[in-house]
Amino acid sequence: MESHSHVTTFPFLLGSAKQLQPDVNDVFIATYPKCGTTWAEHIRCQLMIENYKPRAGKELSVYAPMIEWAGREVLAKC
């Protein structure tokens with residue numbers, strides 16, 4: 001069975017995300033699975049980022065990283 005790096009590091013990243021100290025300007029999007037998370041993230045980006053357009057190197061995951069996949073260190077850079 002093939003092992004993917006995100007599968008092996010997921011527990012570490014989730015633990016790191018739990019230690020995140022939110023900033024007053026942070027925006028959190030919470031949805032049920034398969035209920036429009038990506039759609040909601042695109043709307044948030046369109047409202048908050050001038051000339052927002054996903055493109056190579058600036059995918060949605062750059063603008064709106066998922067806390068459980070990115071970890072605290074990546075979110076601190078956003």
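Note that the structure is a prediction, hence the values are computed from the model and not measured.

Cut-offs used in this document
Residues numbered from 1 in each chain as written. Predicted model: local features only at pLDDT ≥ 70, side-chain atom pairs only at ≥ 80, totals over all residues. Heavy atoms only, no water. Helix = DSSP H or I, 4+ residues; strand = E, 2+ residues; numbered from the N terminus. Buried < 20%, exposed > 50% of the residue type's maximum accessible area, 1.4 Å probe, protein only. Contact = heavy atoms within 4.5 Å. Areas by Shrake-Rupley, 256 points an atom, 1.4 Å probe, with all protein chains shown as cover. Patch = residues over 30% accessible without salt bridge, like charges linked within 9 Å, V, L, I, M, F, W, Y side chains within 5 Å. Salt bridge = Lys/Arg side-chain N within 4 Å of Asp/Glu carboxyl O. Core = buried A, V, L, I, M, F, W, Y, C linked by side-chain atoms within 4.5 Å. Phe/Tyr/Trp six-rings, centres within 6.5 Å; stacked < 30°, edge-to-face > 60°.

Enquirer: Residues and numbers for the overall build of the protein, please.
Expert: The helix and strand inventory of the protein stands at four helices and zero strands. Expressed as a percentage of the 78 residues in the protein, the buried residues total 21%. Considering only contacts within the protein whose residues lie at least 6 apart along the sequence, 42% involve residues at least 24 apart. Of the roughly 6500 Å² of accessible surface on the protein, a fraction of 59% belongs to carbon and sulfur atoms.

Enquirer: Talk me through a nonpolar patch on the surface; I want residue IDs and the actual numbers.
Expert: Together, Val27, Ile29, Trp39, Ile43, Leu47 and Met48 make up a nonpolar patch on the protein surface, roughly 630 Å² of accessible area in all. Along the chain, isoleucine 43 falls in helix 2 (residues 37–48).

Enquirer: Hey, could you go over the nonpolar core for me, with residue numbers and the actual values?
Expert: Cys45, Tyr52, Leu60, Tyr63 and Ala64 together form the largest nonpolar core, which totals five residues. Other than its neighbours up to four places away in sequence, leucine 60 contacts Thr38, Glu41, His42, Cys45, Tyr52 and Pro65.

Enquirer: Please set out the packing of aromatic side chains residue by residue, giving values where relevant.
Expert: Taken as a whole and assessed by the stated rule, the structure comprises one aromatic pair. Note on tyrosine 52 and tyrosine 63: the rings are 5.1 Å apart at their centroids and 75° apart in plane angle, and the pair reads as edge-to-face. Taken together, the residues span a long stretch of sequence, with tyrosine 52 in the loop between helix 2 and helix 3 (60–63) and tyrosine 63 in helix 3 at a distance of 11 residues.

Keep in mind that these numbers describe shape and distance, not what the molecule does.
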